[in-house]
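Examining the three-dimensional arrangement
Chain residues, written in single-letter form:
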Amino acid sequence: MENAKTNYSRRSFLKSSALVGGGLMISFSSLAKLGLDDKVSGVDLPDQWYELTGYIKITPDNLIKILNPNPEFGQNVMTSLPMIVAEELEADWKNVVVEMGPHDNVKFGPQFTGGSNSVRMYWKLLREAGSAARHMLLEAAAQTWSVPVEELTTKAGMIYHEKSGKSGTYGSFASKASTIPIPKGPKLKDVKDFKVVRSSQKNVEGLKIVSGQPLFGLDYKHEGMLIAMIHHPPAFGMKLKSFDAAQTLKMPGIIDVFSQKLYEEGFELGGFDTRTFNDLLVVVGKTTWEVINARKKLVVEWEPAGDIKETVAGRDGKREVVVPGELENTSTQLAKMKEHANKPAQQLRKDGDPETAFKNAAQIIERTYTAPFLAHNCMEPMNFFAHVTDEKALLVGPLQAPGWTKPTLSKLLKLPADKIEIQMTRMGGGFGLRAYGHYLSEAALISKKIKAPVKLVYTREDDMTYGIYRPMYTATYRAALDANKNLIAFHVKGGGIPEHPIHANRFPAGAVDNYLAEGWQIPSNITIGAFRAPRSNFNAAAEQSFLDEIAEAMGKDPIDFRLELLKRAKENPVGENNDYNADRYAGVLKLVKEKSGWNKPENKKYSRGVASYFCHNSYAAHVVDMIKRDGQPYVERVFSAIDCGIVVNPDAATNMVEGAVVDGIGNALYGGLTHKDGAAVQNNFNRYRMIRFHEAPKKIDVHFVQNDLDPTGLGEPPFPPVFGAVANALYKNTGERFYEQPYNLQLNKTSRA
Amino acid sequence: MITLNINKKNYNVDVDPETPLLWVLRDVINLVGTKYGCGVAQCGACVVHLNGEAVRSCVTKVSRAVGQKVVTIEGLSEKNDHPLQKAWIELDVPQCGYCQSGQIMSAAALLRENKNPTEKDIDAAMAGNICRCGTYLRIRKAIQLAAEMQRKGIKIP
Ligand code: FES
Ligand code: FES
């Protein structure tokens, strides 16, 4: 079997040392260069080497501590990354303690959770570290017992010498092992011998979660800590004109009200420094409720911000960007997108001669899809603790990418990076939003100004109306069929506010002789950012609905049609850079076909929709089974097939796929953020509809393709194709095609009519 | 001064009686297991028990809790061994975990009243708790498992 495509390179370093009080510590670090296959929405990732770091500690009392190096927001890396170490170490998982380290980023690597990369980046490094520790312990035992190391075996944290009947714990050899040189290129286990990895292990923080322990940023407390909130403008495109805080300052518990700029004029914004509102109107008080209340007494005048010039420093150097000042409305956004869709666009890929093919077509199918802005709605709203003094800064809270935030903080606070410590807490969701560090910068500036430890808290309303949304998208797809109903050309032209969604080299590129992909975008002051599988989360809705419609026009089964295209892509690919593996793509479709009993008569009672997608190096396909419940379409069950290489922690992985399916159904049916005169119309869960308990399917049947490929991402890949599968099932259920998200809008129209 | 009985302990707190119980718990008494998610009775992250009933502490004035028995996730069981907590761990329900204390408190109020809830009963009891991570299926299974444990006196070690 061919190896998974690995588009990052690295050099790794292991270091051993003796622990104070006895024992062994192996610290590991590796330089990794990310080549994220998915450019994160709207930003250029810094193109540099990262240091990935962590440690294993083995104490004489046989406790094994493993530092989880990466942020945790529910994808369970806090369990799965240490599992990888324990596997090669042959540790007894029961005796392993997972630590969420001091997380100073300078020492502990990029600590980036996003792009479904955690396991993929750390896989080899963690294995090497575990293996090295094991070999050093073996060597220490061999020397102690004066026996050849080859005669020793290990099992569950014990070393055995069968001939002499001797045995000892890892802990008893740990101190001696710290004097043994680190082996060069430690031998890794055969995948077939895995015992910890590939067997389900429970969440190491499960007990703390179900007993309400303080784990999250919002739970963090600090001596003398104050609470701050930012009163931001009511609409995108507005800014602060003046304010009167007299009444607010009279309210109990209020310490200060002031305004301050987030970034000074000309400040070079890094890729993740997206700022929506630059004037911070800050209320500081003793407790959260006092600040919430006192805010209501502010008398504020806002004014149009007008066009704003920004300097963004990305991978391609510095760029000047003009952010338009218009106060946008959803209706005008839609109208603008419609108008733009007819203008010439940037060509992203072209194979063959699509113009001629369309001219000669016997039948052309053309469909346009749209999707709204989406708010992340992490259940824990944005917040961060900061304590900034003239000498140093301590920041504590939930953040996906401290490594990208630190340089900004350093510039902003005028402190050297080694005087800034960022500690990470567990995150109450991230979904991409917590890669953007504006709230951390804000907290730091507020602390600096009031010279006190402070926690910045966003209320739900602040959080939902602040921006950094999934962009608003549209795409027009065209397919040309010849007289024999063969697909001879495929054209996608996609656009968005403020960026387009197109992945030009994705399926069905490579499977059609004549292919054209184009993109266009409309600038906006509504800020956007990565949202669980950026861009893919729209493409998989539009393209997969469209493929369903072409299959129908061709009189073909939708799965068979996709498999035919993939066969073509494999045997005789069109073009060069097709960035998917046709075999693995077909693999998930075949698996879901089998597991869902796709053609079985007993399943005819369901309105079935299928969709598949590839992103973040993994493959996913779903069959959604819909019924009518109280006259409304309802997804009763879902079958999912996933290929993400080796599944490190199967039950946790299944949980994540289930979650992605529920999240996908919810966003497809209900998700959407609209604007009126620049203001976000939905500002809390009474207006922004989230999927609820009874709306989730009763059953999600998750299957993983069994292979021995290095693990690839899982947090994002199962999410996008849910949208397409839901749309296709809705068609079967209602007889109507769904082109606009959220699909619930059309359902409401139909049921009213 | 207001006296509150929380998890069988008395606390004297000096707060405005209008303050939502949620913020008294979190900011004053330092019981942070009860979460803030929306502040407008929409998400269920803040559910606590008031005399055994599930209430949303974000919209419950602290004055209403005076003279009542308040139970938060921290006091749901003595040893974190409520059947729901056991079932939650057994089925590895949480993802990010933020919504889960509210979910468990809503489910606990259901099981107290209804030893053998139907699917519909569970739907109704849990409709007010949002989970962005989408753990609803596991929550359902965990409630069913806990109900069974309670009925049959089964214990998970
Ligand atoms: S915080 Fe109380 S219901 Fe959401
Ligand atoms: S587990 Fe993350 S919101 Fe429910």
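Going along each chain's sequence as written, the residues are numbered from 1 onward. Here every chain gets a letter starting at A, and every ligand a number starting at 1, in the order they are written. Owing to the predicted nature of the model, reporting of local features is limited to residues with pLDDT of at least 70; listing and counting of side-chain atom pairs is limited to 80 or more, with chain, interface and lining totals taken over all residues. To get the side-chain values, all heavy atoms of the structure are used, and hydrogens and water are removed first.

Observations regarding the overall build of chain B
Of regular secondary structure, chain B possesses 5 helices and 5 strands. A run of DSSP states H or I qualifies as a helix once it reaches four residues; a run of E qualifies as a strand once it reaches two. Both are numbered from the N-terminal end. Each helix (α) and strand (β) of chain B, taken in turn from the N terminus, gives the series β-β-α-β-β-β-α-α-α-α. Throughout, radius of gyration means the C-alpha value; the globule benchmark is 2.2 Å times the number of residues raised to the power 0.38. Since a compact globule built from 157 residues should have a radius of gyration of about 15 Å, the 15 Å found for chain B is in line with a globular shape. C-alpha atoms of chain B, sized along the principal axes, occupy 45 × 30 × 25 Å. To sort residues, take the accessible area from a 1.4 Å probe on protein chains only and compare it with the maximum for the residue type: under 20% means buried, over 50% means exposed, and anything in between is partly exposed. Across the 157 residues of chain B, 59% fall into the buried class. Two residues form a contact once any of their heavy atoms are found within 4.5 Å. Look at the contacts in chain B between residues 6 or more apart in sequence, and 57% of them connect residues 24 or more apart. Counted as positive: Lys and Arg. Counted as negative: Asp and Glu, with His and the chain ends omitted from the count. Throughout, a charge is located at the NZ atom of Lys, the CZ atom of Arg, the CG atom of Asp or the CD atom of Glu. Charged side chains in chain B number 20 positive and 15 negative. The centres of these two groups are separated by 4 Å.

Notes on the domain arrangement of chain A
Residue and element names in this part refer to chain A. Its domain assignment divides chain A into domain 1 (10–205), domain 2 (222–309 + 376–465) and domain 3 (533–752). Of the residues lining the interface, 25 residues belong to domain 1; the matching set on domain 3 comes to 24 residues. Between domain 1 and domain 3, a total of about 1,900 Å² is buried, with carbon and sulfur atoms accounting for 51% of that surface. A side-chain nitrogen of Lys or Arg and a carboxyl oxygen of Asp or Glu constitute a salt bridge if their distance falls within 4 Å. Between domain 1 and domain 3 we count 2 salt bridges in total. Of the charged contacts in the structure, one is a salt bridge between Asp-708 and Lys-192, with a shortest N-O distance of 2.6 Å. An automatic or database domain assignment is the source of the domain bounds shown. Two parts placed together each lose some accessible area; with a 1.4 Å probe, that loss summed over both constitutes the buried area.

Here we look at the sheet that holds strand 7 (residues 158–161) of chain A
Paired through backbone hydrogen bonds, the strands of a sheet run either parallel or antiparallel to each other. All names here are of chain A. Any two strands are treated as partners once DSSP identifies two or more bridges connecting them. In spatial order, the strands read 6-7-8; together these 3 strands make up an open sheet with antiparallel pairing. At either margin of the open sheet sits one strand with a lone partner, and together these are strand 6 (152–155) and strand 8 (166–169). Geometrically, the sheet is characterised by an average inter-axis angle of 20° between neighbouring strands, direction not taken into account. As defined by bridge partners, strand 6 adjoins strand 7 across 4 bridges and the pair is classed as antiparallel. Bridged to Lys-155 within strand 7 is Met-158. In this fold helix 4 (residues 170–177) packs onto strand 6, strand 7 and strand 8, with an angle of close to 80° to the strand it touches most, strand 8. Between N-to-C directions, angles span 0 to 180 degrees; the directions come from axes that are lines fitted to C-alpha atoms, helices contributing only their stretch in contact.

Notes on unusual backbone geometry
A cis amide bond links Ile-497 of chain A to the next residue, Pro-498 of chain A, at an omega of -5°. By the element assignment, Pro-498 of chain A lies in the loop between strand 24 (487–497) and strand 25 (514–521). Following Phe-507 of chain A, the chain continues to Pro-508 of chain A via a peptide bond in cis, the omega torsion being 5°. Within the secondary structure, Pro-508 of chain A sits in the loop between strand 24 and strand 25. Phi is positive for Ala-41 of chain B, which is not a glycine, with a value near 60°. Within the secondary structure, Ala-41 of chain B is located in the loop between helix 1 (21–28) and strand 3 (47–50). Residue classification places Ala-41 of chain B among the partly exposed residues on the basis of a relative accessible area of 28%.

Details of the environment of Asn-360 of chain A
Mapped onto the fold, Asn-360 of chain A is located in the loop between helix 9 (354–359) and strand 18 (363–371). With 285 residues separating them along the chain, Asn-360 of chain A and Gly-645 of chain A place their C-alpha atoms 43 Å apart.

Observations concerning the confidence of the model for chain A
All names here are of chain A. For every residue, the predictor reports its confidence as pLDDT, a number between 0 and 100. In this model, chain A carries an average pLDDT of 90, and 91% of its residues clear a pLDDT of 70 or more. Within the model, the stretch residues 1–11 combines pLDDT values under 50 with 36 contacts to residues more than four positions away or in other chains. Confidence drops under a pLDDT of 50 for residues 102–112, and excluding neighbours within four residues, the segment shows 57 contacts in the predicted structure.

Some details on the packing of aromatic side chains
Two measures describe an aromatic ring pair: the distance that separates the ring centres and the angle between the ring planes. All names here are of chain A. Pairing of aromatic side chains requires ring centres within 6.5 Å, counting the rings of Phe and Tyr and the six-membered ring of Trp. Pairs whose planes differ by under 30 degrees are stacked, by over 60 edge-to-face, and all others tilted. Per the counting criterion, the structure on display carries 29 aromatic pairs over all chains. When the ring of Phe-272 is compared with that of Tyr-436, the centres are 4.9 Å apart and the planes differ by 35°; the resulting orientation is tilted. Linking Phe-272 in the loop between strand 12 (268–269) and strand 13 (279–285) with Tyr-436 in the loop between strand 21 (420–424) and helix 11 (438–450), this pair joins segments that are 164 residues apart in sequence. By relative accessible area, which is 4% here, Phe-272 ends up buried. Given a relative accessible area of 0%, Tyr-436 falls into the buried group. Ring geometry for Phe-277 versus Tyr-466: centroids 5.8 Å apart, planes at 85°, classification edge-to-face. Note that Phe-277 is positioned in the loop between strand 12 and strand 13 and Tyr-466 in the loop between helix 12 (460–465) and strand 23 (472–481), a separation of 189 residues in sequence.

What about the domain arrangement of chain B?
Residues and elements named next belong to chain B. Parsing chain B into structural domains produces domain 1 (2–75) and domain 2 (83–151). Taking only C-alpha atoms, the centre of domain 1 and the centre of domain 2 are 21 Å apart. Where domain 1 abuts domain 2, roughly 1,200 Å² becomes buried across the two surfaces, and 57% of that area is made up of carbon and sulfur atoms. Seen at the junction of domain 1 and domain 2, the total is 0 salt bridges. Here a polar contact means two N or O atoms within 3.5 Å. Within protein one must be a hydrogen donor candidate and the other an acceptor candidate, and residues neighboring in sequence count only if both atoms are side-chain atoms. Inspection of the domain 1/domain 2 interface yields 7 residue pairs in polar contact (both at pLDDT 80 or more). Of all the secondary structure elements, the ones that give two or more residues to the side of domain 1 that touches domain 2 are strand 3 and strand 4 (53–56). Amino acids outside the nonpolar list (Ala, Val, Leu, Ile, Met, Phe, Trp, Tyr, Cys, Pro) and the charged list (Asp, Glu, Lys, Arg) are all regarded as polar, and Gly is one of them. Counted by class, the side of domain 1 that touches domain 2 contains 8 nonpolar, 7 polar and 2 charged residues.

Some words on the pairing of strand 28 (residues 632–643) of chain A
Residues and elements named next belong to chain A. Among the 12 residues of strand 28, 10 are classified as buried, and the element is accordingly described as predominantly covered. Linkage of strand 27 (residues 618–629) to strand 28, two consecutive antiparallel strands, is achieved through a turn of 2 residues, within which Asp-630 is found at a positive phi near 50°. Where strand 28 and strand 31 (residues 699–704) come together, 6 bridges link them in parallel fashion. In the strand pairing of strand 31, Val-638 is matched with Ile-700.

Section: the interface of chain A and chain B
Interface size is often expressed as the accessible area that is lost when the parts come together. Each partner contributes to the interface: chain A provides 59 residues, whereas chain B provides 50 residues. For the pair chain A and chain B, the two sides together bury roughly 4,800 Å², of which 58% comes from carbon and sulfur. The largest per-residue losses of area from chain A upon contact with chain B belong to Val-210, Met-379 and Phe-693 of chain A, which jointly make up 19% of the total buried on that side. Notably, a salt bridge pairs Asp-219 of chain A with Arg-26 of chain B, separated by 3.0 Å at the nearest N-O pair. Here chain A is connected to chain B by 24 residue pairs in polar contact (both at pLDDT 80 or more). Among the secondary structure elements, those contributing two or more residues to the side of chain A that touches chain B are helix 5 (206–210), helix 7 (288–295), helix 12, helix 16 (650–669) and strand 31 of chain A.

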